[in-house]
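As a plain string of letters, each chain reads:
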Protein chains: 2
Amino acid sequence: MLMDKLAARANKVGPVCLGLDTQVSFLPEYIAKKDIDIGEKFFEFNKAIIDATFDAVACFKVQIACYEALGMSGMEAFRKTVAYARSKGSIVISDVKRGDISSTATQYAKGHFEGDFETDIMTINAYMGIDAVSPYFPYIEKEKALFLLVKTSNPGSGDFQDILTDSNEEVYLRVAKKVEEWGAPYIGESGYTPLGAVVGLTYPEEFLRIKEVMPHTFFLIPGYGAQGGKGEDVAKVFGKNICGVVNSSRGLICAYKGKTENEDFASYVREATLFMNEDITKWL
Amino acid sequence: MLMDKLAARANKVGPVCLGLDTQVSFLPEYIAKKDIDIGEKFFEFNKAIIDATFDAVACFKVQIACYEALGMSGMEAFRKTVAYARSKGSIVISDVKRGDISSTATQYAKGHFEGDFETDIMTINAYMGIDAVSPYFPYIEKEKALFLLVKTSNPGSGDFQDILTDSNEEVYLRVAKKVEEWGAPYIGESGYTPLGAVVGLTYPEEFLRIKEVMPHTFFLIPGYGAQGGKGEDVAKVFGKNICGVVNSSRGLICAYKGKTENEDFASYVREATLFMNEDITKWL
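Anyway, here's the lowdown on the structure attached to this text. Computed from a predicted structure; not experimentally measured. (Residues numbered from 1 in each chain as written. Chains lettered and ligands numbered in written order. Predicted model: local features only at pLDDT ≥ 70, side-chain atom pairs only at ≥ 80, totals over all residues.)

**A look at the overall build of chain A**
Stated formally: Strands here are runs of E lasting at least two residues and helices are runs of H or I lasting at least four, both read from the DSSP assignment and numbered beginning at the N terminus. Radius of gyration: over C-alpha atoms. The globule rule applied is 2.2 Å multiplied by the number of residues raised to the 0.38 power. In this scheme the burial state of a residue depends on its C-beta neighbours within 10 Å: 20 or more other such atoms mean buried, 12 or fewer mean exposed, and anything in between means partly exposed; the C-beta positions come from the backbone.
Helix and strand content of chain A: twelve helices and eight strands. Here the C-alpha atoms of chain A give a radius of gyration of 18 Å, agreeing with the 19 Å that 2.2 N^0.38 yields for 284 residues. Its C-alpha atoms put chain A at 60 × 45 × 35 Å along the principal axes. Within chain A, the fraction of its 284 residues that count as buried is 60%.

**Here we look at the interface of chain A and chain B**
Note the threshold: By definition, residues are in contact whenever their C-beta atoms, placed on the basis of the backbone, come within 7 Å of each other. Polar here means any residue other than Ala, Val, Leu, Ile, Met, Phe, Trp, Tyr, Cys and Pro, which are nonpolar, and Asp, Glu, Lys and Arg, which are charged; Gly is therefore polar.
Listed as interface residues are 49 residues of chain A and, on the opposing side, 49 residues of chain B. For the side of chain A that touches chain B, the secondary-structure elements that each account for two or more residues are α4 (65–68), α5 (71–87), α6 (102–113), α7 (158–161) and α8 (171–183) of chain A. Tallying contributions element by element places α6 of chain A first for the side of chain A that touches chain B, with six residues. In the side of chain A that touches chain B, the residues fall into 19 nonpolar, 18 polar and twelve charged.

**Section: helix α10 (residues 231–238) of chain A**
Residue and element names in this part refer to chain A. Going by this rule: The arc in question is formed by the directions pointing from the helix axis toward the C-beta atoms.
By the burial criterion, the buried members of α10 are Gly231, Asp233, Val234, Val237 and Phe238. Buried residues of α10, seen end-on, are gathered within an arc of 160° and therefore sit on one face of the element. Considering only its buried residues, α10 is in contact with α9 (204–213), β7 (219–221), β8 (244–248) and α12 (265–281). Trailing α10 by a residue or two, Gly239 shows a phi angle of about 70°, which is positive.

**Things to note about the relation of the copies chain A and chain B**
Put simply, the test is: Only residues with pLDDT of at least 70 in both copies count here: their C-alpha atoms drive the least-squares fit that superposes the copies.
Once chain A is rotated about the relating axis by 180° and shifted along it by 0.0 Å, it coincides with chain B to within an RMSD of 0.0 Å. The transformation relating the two chain copies, once decomposed into turn and shift, fits a two-fold axis.

**Thoughts on unusual backbone geometry**
Most peptide bonds are trans, and most residues other than glycine sit at a negative phi. Residue and element names in this part refer to chain A. Not every positive phi belongs to a glycine, and Asn168 is a case in point at roughly 60°. Tracing the sequence through the fold places Asn168 in the loop between α7 and α8. Taking the number of C-beta atoms within 10 Å as the measure of exposure, Asn168 has 8 and is therefore exposed.

**Observations regarding the packing of α8 of chain A against α9 of chain A**
Residue and element names in this part refer to chain A. Stated formally: Only the stretch in contact is used when fitting a helix axis, every axis being a line fitted to C-alpha atoms; angles between N-to-C directions are given from 0 to 180 degrees. Angle categories: roughly parallel below 35 degrees, roughly antiparallel above 145, roughly perpendicular from 65 to 115, and oblique for all the rest. By convention, the crossing between two helices is left-handed when the near helix turns anticlockwise from the far helix through less than a right angle, and right-handed when the turn is clockwise.
Two elements in contact, α8 and α9, have axes whose closest approach is 9 Å; the angle formed by their N-to-C orientations is 30°. The angle between α8 and α9 falls in the class roughly parallel. Considering how the two elements wind past one another, α8 and α9 form a crossing that is right-handed. Between α8 and α9, the contacting residues are Tyr172, Leu173, Ala176, Lys177 and Glu180 on the first element and Glu206, Arg209, Ile210 and Val213 on the second. Here the contact of α8 with α9 is composed, by residue class, of five nonpolar, no polar and four charged.

**Observations regarding the sheet that holds strand β4 (residues 121–124) of chain A**
Strand pairing in a sheet is mediated by backbone hydrogen bonds. Such pairs are either parallel or antiparallel. Residue and element names in this part refer to chain A. Where we set the bar: Here, any two strands with at least 2 DSSP bridges between them count as paired.
On the basis of which strands lie adjacent, the closed barrel formed by eight strands has the order β1-β2-β3-β4-β5-β6-β7-β8 and parallel pairing. Strand after strand, the sheet turns through a mean of 30° between neighbouring axes, direction not considered. In the sheet, strand β5 (residues 145–151) pairs with strand β6 (residues 195–199) via five bridges, with the strands oriented parallel. In the strand pairing of β6, Leu148 is matched with Ala197. Sheet strands in contact with α8 are β5 and β6, and its direction is about 160° off that of β5. Against the sheet, α12 contacts β1 (16–19) and β8, and its axis sits at roughly 145° relative to β1.

**Some details on the sheet that holds strand β7 (residues 219–221) of chain B**
All names here are of chain B. The sheet built from eight strands closes into a barrel, its strands ordered β1-β2-β3-β4-β5-β6-β7-β8 with parallel pairing. Each strand axis lies, on average, 30° off the axis of its neighbour in the sheet, ignoring direction. In this sheet, strand β8 (residues 244–248) lies alongside β7 in parallel orientation, the contact comprising three bridges. When the sheet's bridge partners are listed, Ile221 is paired in β8 with Val246.

**Points about the pairing of strand β3 (residues 92–98) of chain A**
All names here are of chain A. The condition is simple: With the strands aimed away from the viewer, a crossover counts as right-handed if its path from the first strand over the helix to the second runs clockwise.
When you tally the buried positions in β3, you get seven out of seven residues, the bulk of the element. Every second residue of β3 is oriented toward a common face, with Val92, Ser94, Val96 and Arg98 on one face and Ile93, Asp95 and Lys97 on the other, all of them buried. Summarising the sheet, strand β2 (residues 59–63) and β3 pair through four bridges and their orientation is parallel. Of the residues in β3, the one forming a bridge with Gln63 is Asp95. Relative to β4, β3 runs parallel, the two sharing three bridges. Opposite Ile93, over in β4, you have Ile121 as the bridge partner. A crossover connection joins β3 to the parallel β4 through α6; in handedness this β-α-β unit is right-handed.

**Thoughts on the packing of α9 of chain A against α10 of chain A**
Residues and elements named next belong to chain A. For the pair α9 and α10, the least separation of the axes is 9 Å and the interaxial angle reads 25°. When the interaxial angle is binned, α9 and α10 end up roughly parallel. When the axes of α9 and α10 are compared, the crossing they make is right-handed. Contact residues: α9 offers Pro204, Phe207 and Leu208, while α10 offers Asp233, Lys236 and Val237. A breakdown of the residues in the contact of α9 with α10 according to their chemical character gives four nonpolar, no polar and two charged.

**A short note on the environment of Gly251 of chain B**
Along the chain, Gly251 of chain B falls in helix α11 (residues 250–253). As for Gly251 of chain B and Gly19 of chain B, which are separated by 232 residues in sequence, their C-alpha atoms are 9.2 Å apart.

**Digging into the nonpolar core**
Test applied: Residues of type Ala, Val, Leu, Ile, Met, Phe, Trp, Tyr and Cys that are buried and joined through C-beta atoms within 7 Å form what is called a nonpolar core.
Ranked by internal contacts, the top residues of the largest apolar core, which has 199 residues, are Leu148 and Val150 of chain A together with Leu148 and Val150 of chain B. If we ignore the near neighbours within four places in the chain, the residues touching Val150 of chain A are Tyr172, Val175, Ala176, Val179, Ala197, Val198, Val199 and Ile210 of chain A.

**Let's talk about the environment of Glu114 of chain B**
With respect to the helices and strands, Glu114 of chain B occurs in the loop between α6 (102–113) and β4 (121–124). The spatial distance from the C-alpha of Glu114 of chain B to the C-alpha of Tyr139 of chain B is 9.6 Å, given a sequence separation of 25 residues.

If you want it as structure tokens, here you go:
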């Protein structure tokens with residue numbers, strides 16, 4: 001089961017999930033000034049980073065919005081990026097946060113677990129309920145997994161996720177319990193279900209309450225670095241075990257800025273990746 | 001403001017939103033057997049339907065999942081479909097249900113309100129809060145609008161949307177109030193805000209409660225036809241005014257099935273569209 005593999009990998013090399021949220025302003029000068037299409041520039045940037053870091057990360061996360069923003073050329077860069085990282089043996093999370101009714105979810109599953117955009121893990125918004133999630137279940141045995149939004153890292157996440165219910169617990173806690181419940185029949189040998197949870201590092205107290213009701217859930221944790229989270233915060237959340245992957249995007253892929261604008265840029269990304277790993281694991 | 005235009009159009013020609021949720025099994029034989037790429041087949045199907053119905057519908061809705069399912073070829077069909085419908089002067093809703101943190105939402109806005117995939121209206125999942133929505137606001141003055149998920153039409157919509165809060169109202173009602181509040185500063189001459197709401201026809205009582213707290217909101221209403229909703233149900237929700245558009249996808253674009261497999265298929269789609277319009281407006 002794929003979440004077993006991701007958990008094993010995170011425990012072996014460290015929990016860094018490198019986010020390829022590529023943007024035009026992130027490109028080093030030597031790529032930016034090339035006379036090629038913007039999507040090709042994105043792919044060249046990503047490929048150099050994947051080559052420099054694939055042995056040091058638990059997984060890659062590719063934020064599809066950054067590619068949709070560029071239209072067809074961006075979609076081609078997305079396709080090539082996901083495929084290239086997978087061809088290196090890496091686990092890839094396509095951060096698509098899709099969420100729709102059953103028949104539509106079936107189409108999204110087909111779109112991202114098969115064909116051109118085939119990935120290993122999709123992020124999913126479960127606000128529409130179980131029928132927005134269950135169409136992905138047949139892919140579990142094909143070594144696919146999901147991360148469902150539970151408590152996101154952004155300032156506005158409280159607007160609806162923190163609403164207090166009549167049983168005096170927040171909506172995010174209700175979602176957390178459901179996700180754990182939905183995943184229970186599929187628990188793998190690692191003890192985790194294939195339905196992971198996205199929980200932001202920016203709300204550490206909430207995280208601990210969530211962890212309590214999700215003992216078999218592996219986490220995708222945004223909020224490290226640029227969003228304020230530190231290695232020490234991760235360690236508090238993890239406790240004794242690496243029970244999730246920690247994403248950093250800008251903090252890693254722009255780590256070369258001010259140091260070089262040339263082909264050696266990816267070595268700085270690697271350095272930052274190793275530093276982040278150390279910054280987290282030294283507390284464990 | 002775009003929602004003014006959509007409201008005016010729905011009041012003039014009727015509230016039908018024709019959903020281009022195209023799937024392989026929906027294609028008539030004469031298109032299915034052509035020796036062209038699957039995306040080209042989808043576009044040929046959609047183009048014939050748009051040509052046959054654009055004067056009879058309030059707007060078109062294009063469900064991106066059906067196109068993502070086909071990879072790059074599907075994305076090209078999506079691009080061409082949205083662009084073609086807009087070139088006929090139609091208002092197009094890209095049913096993408098995106099929802100992500102501010103910086104990512106900015107990328108999605110760029111992706112669907114500019115460039116290759118430029119559309120008029122995006123559907124948005126607001127579960128992540130205000131910062132997942134506000135990045136789209138700068139596009140309001142560029143004649144763009146949103147439909148935000150409030151209470152969806154699917155059976156599982158109750159899982160989280162119906163959770164009772166400590167103030168004894170459901171989560172969807174809390175979302176409804178927030179969406180009305182966020183849109184208030186942008187009310188147009190029609191009295192509607194540019195932030196519409198998606199509310200399923202399948203829950204008519206809930207709809208009336210939502211309408212009460214959303215007096216300035218225009219609705220996108222799924223659940224008619226295949227999902228069980230009838231013209232009479234729409235009329236109950238509308239009251240005296242057409243205050244939303246009513247989507248039907250399969251019920252319209254597959255209306256030719258059993259009647260023809262040839263070029264004349266779109267005339268049956270038109271007929272079904274006119275029938276749906278009549279089925280709703282006769283009760284008003």
